[in-house]
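Structure assessment
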Amino acid sequence: MEIHPYLTTKTLVPENQESPIHFLRSQKIFPLPYFYRRNHFSYPFLLPNLYYLTIYGLVHHPSYFHLEQLKLMPSKSFVIPLECAGNQRDKFIPKVFGEQWKGGAMSQAEWKGVPLKDILSKACLQKDAKEVVFIGADCGRRTDTVGVFYYARSLPIAKALHPDTMIAYECNGQPIPFKHGYPLRLIVPGWYAMASVKWLQQIIVIDQPFTGPFQAVDYIYYPHKNSDANKKPVTTINVNSLIQFPLDFSIHDTGTIVIEGIAWTGNGVITQVEISVDNGETWKEATLASQHDEPYAWTQWSFVWEAYEKGEYIILAKATDSSGRTQPFAAMWNRKGYGYNAVQKVHVKIE
Ligand SMILES: Nc1nc2c(c(=O)[nH]1)N[C@H]1C(S)=C(S)[C@@H](COP(=O)(O)O)O[C@H]1N2
Ligand SMILES: [Mo]
């Protein structure tokens, strides 16, 4: 009998489930049943044939696009990790409210779509355009305010015009599965996944900062518990790594253990992963799998450990990227628990 990994349920409505990321070692592209699911509302009600993406606001040519029209335009595709800003929130000390994600609020797939800049240039931006707002088809109430809100986020014009920011219509060579945004999803490489709006229905160009609650209340780093001082928006993915094997608090026989994992960043590429098997006293470099030509994909790494001596060990992994960022020993604490990226720590016993 073949045994498969499965998602870990956090909530059912809205659906929030973790990917079994530790059990998908050396899989660059996750089978979609194992892709994490993160929703703020229950799933939207859509009629695909009547589904148009509209673009209006500060553009000279407001217009609309059907999925079939977009498919005829020049496309791009990339292997891209999507990481929830709250991934590993469970590790913040002191603990914070919000979904207690472990390491599985992240998955990687191949996304194909039309560069957003091509759509924006067809619509022709007016010169006072400052931000582009993306509205999904899902809506509902929030606990902190009255009213019904759509899931909506904005990008500054520069990020909207980045050649790799795209309106995706395919995932792993198929139409995007409904739960992941069918028929159209914004994909913003390098940013935490809250930016990648699913069921994208409207694009509105505006001349001032967007203040929707998923922009101005959530997805903000608040460094202080009781004040909003020094807040700043969550954008680029931090340099980070995950130890997939061995599992935390696992027990092994003496012998050779291949420590394996992934490392990723939203700013450049991973240049180094260092491993310690003595809780940080000494470090050695892990071997990185070749990067090939995927600029955004995570980097798989491995480290051969000759574990001949019985005892308890603490394994650490620390990644560095080409922009010079290295994982810190303590993540920057913030009230909503975003962007956790401290050095990874796994406890093992050899006996
Ligand atoms: N329309 C819409 N888009 C959305 C969300 C949402 O609730 N509604 N959640 C965002 C967040 S916070 C994350 S982490 C990712 C999750 O994508 P997934 O469910 O495909 O894994 O989608 C983003 N896009
Ligand atoms: Mo998220």
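Identification of the protein as DMSO/TMAO reductase YedYZ molybdopterin-dependent catalytic subunit from [Anoxybacillus] calidus is taken from an unreviewed UniProt entry. Taken verbatim from the UniProt record of the protein, the Cofactor (unreviewed entry) comment is "Mo-molybdopterin".

On to the pattern of salt bridges. Opposite charge on two side chains allows them to pair when their charged atoms are near. Following the criterion strictly, the structure yields 13 salt bridges and no others. Between Asp 164 and Lys 76 there is a salt bridge; the shortest N-O distance is 2.8 Å. Within this pair, whereas Asp 164 is found in the loop between α3 (157-160) and β10 (166-171), its partner Lys 76 is found in strand β6 (residues 76-83), the two being separated by 88 residues in sequence. In this structure, the salt-bridge partner of Arg 142 is Asp 218, at a minimum N-O distance of 2.8 Å. Taken together, the residues Arg 142 in the loop between β8 (131-141) and β9 (148-156) and Asp 218 in the loop between α4 (213-216) and β14 (220-221) connect sequence positions 76 residues apart.

Before going further, it helps to examine the sheet that holds β9. Spatially, β5-β4-β13-β8-β9 is the arrangement adopted by the 5 strands of the open sheet, whose pairing is mixed. Unpaired on one side and paired on the other, β5 (63-66) and β9 mark the two borders of the sheet. Neighbour-to-neighbour, the strand axes of this sheet turn through a mean angle of 25 degrees, independent of strand direction.

Mapped onto the fold, Cys 124 is located in the loop between α2 (116-123) and β8. What makes Cys 124 partly exposed here is its relative accessible area of 28%. Put simply, Cys 124 and Ile 262 are 138 residues apart on the chain and 40 Å apart in space, counted from C-alpha to C-alpha.

Conventions adopted
- Residues numbered from 1 in each chain as written.
- Chains lettered and ligands numbered in written order.
- Predicted model: local features only at pLDDT ≥ 70, side-chain atom pairs only at ≥ 80, totals over all residues.
- Heavy atoms only, no water.
- UniProt positions renumbered as here; feature names shortened; annotations may be inferred.
- Salt bridge = Lys/Arg side-chain N within 4 Å of Asp/Glu carboxyl O.
- Helix = DSSP H or I, 4+ residues; strand = E, 2+ residues; numbered from the N terminus.
- Pairing = 2+ DSSP bridges.
- Axes fitted to C-alpha atoms, helices over the stretch in contact; angles between N-to-C directions.
- Buried < 20%, exposed > 50% of the residue type's maximum accessible area, 1.4 Å probe, protein only.

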